[in-house]
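Given next are the chains, with one letter for each unit.
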Amino acid sequence: MVNNQQEIHSSTPLPIKNKGPHGLGDPEDRSLRKVELEVVIPQKMREKARSEKCSAEVEDFNQCCLANGYSMVFKCRNENNKMKSCLSKWYQNDEFRRECTEEYLKERSDFRRTGIPIKRKISR
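Looking up the protein in an unreviewed UniProt entry gives the name COX assembly mitochondrial protein, with the organism given as Rhynocoris fuscipes. UniProt, in the comment section headed Sequence similarities (unreviewed entry), describes the protein in these words: "Belongs to the CMC family." Of the comments in the UniProt record for the protein, the one headed Subcellular location (unreviewed entry) reads "Mitochondrion".

In structure tokens:
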């Protein structure tokens, strides 16, 4: 006789050990899927670096672009280089990556425990 859980989730590549209180996964599971490692956490790093770590550089670049219109390509090179340098520094920082990973794992655990998604401001 086949377990009901196996029948329902037979198309998923990973076996579900504990579905959690809302059927969203084990809140205590700290393993990361490939998409989380390669997409979700780097996206979190970008958002956090832009809004918290390099906010002055990003704002300077934005103001320069607004002030110069189409000529921003030439006139805002210095601000663009400063912004890219700052962001690159944080993207390569292992401690910052660990911090963002822990923050993501906590958010995922809270979501799995409560079923309530975290509302994020989408910045473009």
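Next comes the rest of the account.
Colleague: Can you help me understand the packing of helix 2 (residues 34-53) against helix 5 (residues 77-91) in this one?
Modeller: How two helices sit against one another is set out by the angle between their axes and by the gap between those axes. Where helix 2 contacts helix 5, the axes come no closer than 10 Å and their chain directions differ by 125°. Judged by the angle between their axes, helix 2 and helix 5 are oblique. Handedness of the crossing formed by helix 2 with helix 5: right-handed. Of helix 5, the residues touching helix 2 (which contributes Met45, Arg46, Ala49, Arg50 and Lys53) are Met83, Cys86, Leu87, Trp90 and Tyr91. The residue inventory of the contact of helix 2 with helix 5, partitioned by class, reads seven nonpolar, no polar and three charged.

Colleague: Help me understand the state of the cysteines, please; the structure alone is not making it clear to me.
Modeller: Here, the word disulfide means a covalent bond between the sulfur atoms of two cysteines. In this structure the tally under the stated criterion is two disulfides. Note on cysteine connectivity: Cys54 is disulfide-linked to Cys86, with sulfurs 1.9 Å apart. On the sign convention where negative is left-handed, the bridge of Cys54 and Cys86, at about -90° about the S-S bond, is left-handed. Of this pair, Cys54 sits in the loop between helix 2 and helix 3 (55-68) while Cys86 sits in helix 5, and the two are 32 residues apart along the sequence. Each member of the pair, Cys54 together with Cys86, is buried. Note on cysteine connectivity: Cys64 is disulfide-linked to Cys76, with sulfurs 1.9 Å apart. Measuring the twist about the S-S bond at about -95°, one finds the Cys64-Cys76 disulfide to be left-handed. Remark: Cys76 occurs in the loop between helix 4 (72-75) and helix 5 and Cys64 occurs in helix 3; sequence separation between them is 12 residues. Since its relative accessible area comes to 10%, Cys64 is described here as buried.

Colleague: Which parts of the structure should I look at to understand the packing of helix 2 against helix 3?
Modeller: Orientation of helix 2 relative to helix 3, taken along the N-to-C sense of each, is 85°, at an axis distance of 5 Å. Relative to helix 3, the element helix 2 lies roughly perpendicular. Where helix 2 approaches helix 3, its residues Ala49, Arg50, Ser51, Glu52 and Lys53 are matched on the opposing element by Ser55, Glu57 and Val58. Of the residues contributing to the contact of helix 2 with helix 3, the split by class is two nonpolar, two polar and four charged.

Conventions we followed
Residues numbered from 1 in each chain as written. Predicted model: local features only at pLDDT ≥ 70, side-chain atom pairs only at ≥ 80, totals over all residues. Heavy atoms only, no water. UniProt positions renumbered as here; feature names shortened; annotations may be inferred. Axes fitted to C-alpha atoms, helices over the stretch in contact; angles between N-to-C directions. Helix = DSSP H or I, 4+ residues; strand = E, 2+ residues; numbered from the N terminus. Parallel < 35°, antiparallel > 145°, perpendicular 65-115°, else oblique. Left-handed = near helix turned anticlockwise from the far one by under 90°. Contact = heavy atoms within 4.5 Å. Nonpolar A, V, L, I, M, F, W, Y, C, P; charged D, E, K, R; others polar. Disulfide = S-S within 2.5 Å. Buried < 20%, exposed > 50% of the residue type's maximum accessible area, 1.4 Å probe, protein only.

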